[in-house]
Amino acid sequence: MTIATIDSSASQPARASLFYDPVIRGVVFQVLLALFIIYLVYSGVTNAANNLARAGIATGFGFLNNRAGFDIGQSLIPYTANSTYRQAFFVGLTNTIFVAAIGIFFATILGFIVGIARLSKNFLVRKVAEVYVETLRNIPLLLQLLFWYKAVLSALPAPRGSIEMFNSSVFLNNRGLIMPQYLAEAGASIFYASIAIGIAVAVVIARWAKKRQMATGQIFPTIRVALGLIIGVPLVVLFVLGVPFTAEYPELSGFNFRGGTTIRPEFMALLLGLSLYTAAFIAEIVRAGILAVSKGQTEAAFSLGLRPNTTMRLVIIPQALRVIIPPLTSQYLNLTKNSSLAIAVGYPDLVSVFSGTVANQTGQAVEVISITMIVYLTLSLLTSAFMNWFNSRVALVER
Amino acid sequence: MTKIILSAVAGAAALTLGAHAASAQTLEAVKAKGYIQCGVSTGLAGFSNTDDAGEWTGLDVDFCRAMAAAIFDDPEAVRFSPLSAVERFTALQSGEIDVLSRNTTWTMSRDTALGLNFVGVTFYDGQGFMVPAELNVDSALQLSGASVCVQSGTTTELNLTDYFSANNMEYNPVVFEGLEEVNAAYNAGRCDVYTTDSSGLYAIRLTLDNPDDHVVLPELISKEPLGPAVRRGDDQWFGIAKWVYYGLVYAEELGISSENLEEMLASENPDVRRALGGDGTFGADMGLENDWLVKIVRHVGNYGEVFERNVGADSPLQIERGLNALYTDGGLQYGMPIR
Ligand SMILES: N[C@@H](CCC(=O)N[C@@H](CS)C(=O)NCC(=O)O)C(=O)O
């Protein structure tokens, strides 16, 4: 907490008593407030513990070490029914972060495209973008999720009638998109290393190219060179190594496909719903951001001979970003929190796994809900912190 | 920092929770408000479901109506709270409902760690599997590799895991919180298998697009004793709930039904006289009137009538009495003596 200080400079006359010293008063009030809050929290917790004990309800966090005993359909980390509730928690958490991160990625790209399209000179493009925004913004997200889930499920055939792709190695059906899984062999680490080195070298080159352009005006084809380094070179390495991966192909056996990896329809529906919905809001933010850049900037850029595309990329967007980023952060937070609607479409996110199943199997709703709330709070604070940092980087540097 | 928020949240949540748990006088509170708040399912035919007229019906519903009849002489003095599996225990703990009568399995952890007391077993059940007939499966042991639809926060979720791992079979769980969503997913072919209490399977089968295209497999993989529960800490209310259940069964044992009630009231049989309040102060001792069971049987019937009407021969579910027959008929239903 910061203490509001009034500038009590030396020129002030000697004070009659400490009682009237604004600094001291401020401190005293802050301390009193802090004590009061501590008391509230303390009495709330003791009261809660007593009441739970009197009601015969188990308390404490010991349950986290007990065996979970239930399965989870999708997990990014190792998990079986023999894992603990704590591990079940981490499965839910990683699933939440996973869908939120990918959702943010797609929502941002789509949002920028639609937002720019709304300002297009082309009537059709403009109208399509407008209809998109107005429709998706105004239908409750839950309905959209249920719609996508139903649409995804009913559009896809049963496993036996799967849509086959890529020489019968990829299958699409109402159990999901089933793809071969590549298991690393010895030598795979060299391939990974070549990607890492490619990225590092690309970064160095980009910096050098920028410096050179600043100094001499010469343009270097950074993007193409970077792509070559990050994708091209590793590809060559891959083949030189003789592709150090074994593919495990999915196979239809009995009811379902076995082997390979599956992108489940629950995940697809949730990702689709979250990205499309949030993109509509981001589009409006982007549009507002661009409109906030004065027209003179465009005219100035044109008169320097920049083409519309370059003007957009180098002049308008960087300035618009300053207006865009704060509300964009809110959208990212919304998307993350909205992912808790996952349970409606059967995606095992944190709320579904932890506040749903775990809370019910252990009966420790108070503990479970508290943990869940802290997690969402932490995720939000982390996202905000990151976006604030990013915002300070793009902020206008006054020269 | 985290600790503080945590405790604050826990505290705030439990402040309300505790206020109710501490008060032991549910009967008085219920009488004062004039109705019982009864927690039921969101709609499971035969157990708790709204009919065409919007009236709640079912075995679980009738238990609450029997309580209302015993207390108010009015089976309509009940308000129902539809609850998902995940919501039900919190609703009871927090005092939102007075009794939970929602096809809930009596398990040890629920009985000991949740601050609840189970009243009795109104329906002995076991968990089963339903599959589309076209899969040509006739045993649950052939289900390896299947996608299974299941509702979260249930014993079903746990039994399923145990059964498949015990038989070295793999499966793919598809879990939803709401019954509607599970049904829709199964209907859309998202899963090969639907699993829940077998009574539930029969009820759900009737709501599917083509009930005849689905079969319930013969295996029952668990014990699911379903019964009502009340909050711990109010022995009087617990006693009333227990005796409403025993009374329903005992009335059937004694042959007292809604049809012959008037004759029975004139009976000289001492067991019947005690049950119907002709002798003793059994009802008053429990906090009600002595003719409490007369009111139950008049408005709701005995256990057998409740069973047949809702899930048995007179219902679309056509479930046999089986374990739910009276002990005298080879079942497990046994009413404690009124003496
Ligand atoms: N008896 C089991 C399962 C009870 C259960 O929730 N069954 C489901 C499927 S039959 C149900 O009744 N759902 C109704 C609802 O959610 O409203 C338990 O107590 O955990």
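Rules used throughout
Residues numbered from 1 in each chain as written. Chains lettered and ligands numbered in written order. Predicted model: local features only at pLDDT ≥ 70, side-chain atom pairs only at ≥ 80, totals over all residues. Heavy atoms only, no water. Helix = DSSP H or I, 4+ residues; strand = E, 2+ residues; numbered from the N terminus. Buried < 20%, exposed > 50% of the residue type's maximum accessible area, 1.4 Å probe, protein only. Contact = heavy atoms within 4.5 Å. Areas by Shrake-Rupley, 256 points an atom, 1.4 Å probe, with all protein chains shown as cover. Lys, Arg positive; Asp, Glu negative; His and termini not counted. Charge placed at Lys NZ, Arg CZ, Asp CG, Glu CD. Pairing = 2+ DSSP bridges. Axes fitted to C-alpha atoms, helices over the stretch in contact; angles between N-to-C directions. Core = buried A, V, L, I, M, F, W, Y, C linked by side-chain atoms within 4.5 Å. pLDDT = per-residue confidence, 0-100. Parallel < 35°, antiparallel > 145°, perpendicular 65-115°, else oblique. Left-handed = near helix turned anticlockwise from the far one by under 90°. Nonpolar A, V, L, I, M, F, W, Y, C, P; charged D, E, K, R; others polar. Near = heavy atom within 4 Å. Polar contact = N/O pair within 3.5 Å; in protein donor to acceptor, adjacent residues only side chain to side chain. 1 Å grid on protein atoms, 1.4 Å probe; cavity = no way out; pocket = protein on both sides within 12 Å on 5 of 7 lines; lining within 4 Å. Sits in = over half its atoms within 2 Å of the grid points. Domains from an automatic or database assignment. Salt bridge = Lys/Arg side-chain N within 4 Å of Asp/Glu carboxyl O. Phe/Tyr/Trp six-rings, centres within 6.5 Å; stacked < 30°, edge-to-face > 60°.

### Some thoughts on the overall build of chain A
Moving on, step 1. Secondary structure assignment for chain A yields 11 helices and 8 strands.
Moving on, step 2. Principal axes of the C-alpha set define a box for chain A whose edges measure 90 × 75 × 50 Å.
Moving on, step 3. Taken over 399 residues, chain A has a buried fraction of 40%.
Moving on, step 4. Put simply, 66% of the contacts in chain A that link residues at least 6 apart link residues at least 24 apart.
Moving on, step 5. Summing over all exposed atoms, chain A offers an accessible surface of approximately 22300 Å²; the carbon and sulfur share of this is 68%.
Moving on, step 6. Averaging the coordinates of the 28 positive side-chain charges in chain A and doing the same for the 15 negative ones gives two points 8 Å apart.

### Structural notes on the sheet that holds strand β2 (residues 170-173) of chain A
Residues and elements named next belong to chain A.
Moving on, step 1. Spatial strand order, β1-β2-β3-β8: 4 strands in an open sheet with antiparallel pairing. Taken across any chain shown, the strands that pair with only one partner, and hence form the sheet edges, are β1 (163-165) and β8 (261-263). Strand-to-strand twist of the sheet, defined as the mean angle between neighbouring strand axes without regard to direction, takes the value 20°.
Moving on, step 2. Relative to β2, β1 runs antiparallel, the two sharing 3 bridges. From the neighbouring strand, Glu-164 faces β2, where its bridge partner is Phe-171.

### Observations regarding the nonpolar core
Moving on, step 1. Residues Phe63(B), Met67(B), Trp237(B), Val244(B) and Ile256(B) are the most contacted members of the largest nonpolar core, which totals 108 residues.
Moving on, step 2. The element best represented in this core is helix α9 (residues 235-253) of chain B, accounting for 11 residues.
Moving on, step 3. Excluding anything up to four places from it in sequence, Trp237(B) contacts Thr26(B), Leu27(B), Val30(B), Ile36(B), Met67(B), Ile71(B), Asp98(B) and Val230(B).
Moving on, step 4. Counting 21 residues, the second largest nonpolar core, distinct from the first, contains Phe70(A), Tyr79(A), Leu350(A) and Phe354(A).

### Re the confidence of the model for chain B
Residues and elements named next belong to chain B.
Moving on, step 1. With 93% of its residues at a pLDDT of 70 or more, chain B shows a mean pLDDT of 91.
Moving on, step 2. Throughout residues 1-12 the model reports pLDDT below 50, and contacts reaching past four residues in sequence, or to other chains, amount to 20 contacts.
Moving on, step 3. pLDDT under 50 marks residues 14-22. Its contacts with residues more than four places away, or in other chains, come to 18 contacts.
Moving on, step 4. Interface confidence for the predicted complex, expressed as ipTM, amounts to 0.83; the pTM equals 0.83.

### Describing the packing of helix α4 (residues 141-155) of chain A against helix α7 (residues 265-291) of chain A
Residue and element names in this part refer to chain A.
Moving on, step 1. Direction vectors running N to C along α4 and α7 enclose 135°, while the axes themselves pass 8 Å from each other. The orientation of α4 with respect to α7, classified from their angle, is oblique. Taken as a pair, α4 and α7 cross one another with a handedness that is right-handed. Contacts from Leu-141, Gln-144, Leu-145, Trp-148, Tyr-149, Val-152 and Leu-153 in α4 reach Pro-265, Glu-266, Ala-269, Leu-270, Leu-272, Gly-273, Leu-274, Leu-276 and Tyr-277 in α7.
Moving on, step 2. By residue class, the composition of the contact of α4 with α7 is 13 nonpolar, 2 polar and 1 charged.

### Concerning the site of the ligand
All names here are of chain B.
Moving on, step 1. Near the ligand lie 24 residues; those nearest to it are Thr-42, Asn-103, Thr-105, Gln-151 and Asp-197.
Moving on, step 2. Separating an oxygen atom of the ligand from a backbone N or O atom of Thr-155 is a distance of 2.8 Å.
Moving on, step 3. One can see that the ligand is located within the largest cavity.
Moving on, step 4. Where the shell around the ligand is concerned, the elements lending two or more residues are α6 (155-166), β11 (193-197), α8 (198-207) and β13 (224-226).
Moving on, step 5. For the shell around the ligand, the class distribution of residues is 6 nonpolar, 13 polar and 5 charged.

### Focus on the domain arrangement of chain A
Moving on, step 1. Domain annotation for chain A reports domain 1 (2-8 + 18-54), domain 2 (87-167 + 261-349) and domain 3 (181-248).
Moving on, step 2. With centres defined by C-alpha atoms, the gap from domain 1 of chain A to domain 2 of chain A works out at 43 Å.

### A look at the pattern of salt bridges
Moving on, step 1. One pass over the full model with this rule turns up 20 salt bridges over all chains.
Moving on, step 2. Note that Glu266(A) is salt-bridged to Arg190(B), the shortest N-O span being 2.6 Å. Here Arg190(B) lies in the loop between α7 (179-187) and β11 and Glu266(A) lies in helix α7, a pairing that spans two chains. Assigned by exposure class, Glu266(A) and Arg190(B) land together as buried.
Moving on, step 3. The shortest N-O distance in the salt bridge between Glu289(B) and Lys295(B) comes to 2.7 Å.

### Structural notes on unusual backbone geometry
Residue and element names in this part refer to chain A.
Moving on, step 1. One non-glycine residue, Asn-167, lies in the positive phi region at around 60°.
Moving on, step 2. Mapped onto the elements of the fold, Asn-167 is located in the loop between β1 and β2.
Moving on, step 3. Classification of Asn-167 as exposed rests on a relative accessible area of 78%.

### A word on the packing of aromatic side chains
Describing an aromatic ring pair means giving the distance of the ring centres and the angle of the ring planes.
Residues and elements named next belong to chain B.
Moving on, step 1. For the structure shown, the criterion picks out 29 aromatic pairs over all chains.
Moving on, step 2. Between Phe-129 and Tyr-163, the ring centres sit 5.7 Å apart and the planes meet at 45°, which makes this aromatic pair tilted. Taken together, the positions of Phe-129 in strand β8 (residues 127-132) and Tyr-163 in helix α6 put the pair 34 residues apart, joining distant regions of the chain. For the residue pair Phe-129 and Tyr-163, the accessibility class agrees, reading buried in each case.
Moving on, step 3. With a centroid separation of 6.0 Å and an interplanar angle of 80°, the aromatic rings of Tyr-163 and Phe-164 are classed as edge-to-face. Grouping residues by exposure puts Tyr-163 and Phe-164 together as buried.
Moving on, step 4. Here the aromatic cluster, defined as three or more aromatic residues joined through ring pairs, consists of Phe-47, Phe-123, Tyr-303 and Phe-307.

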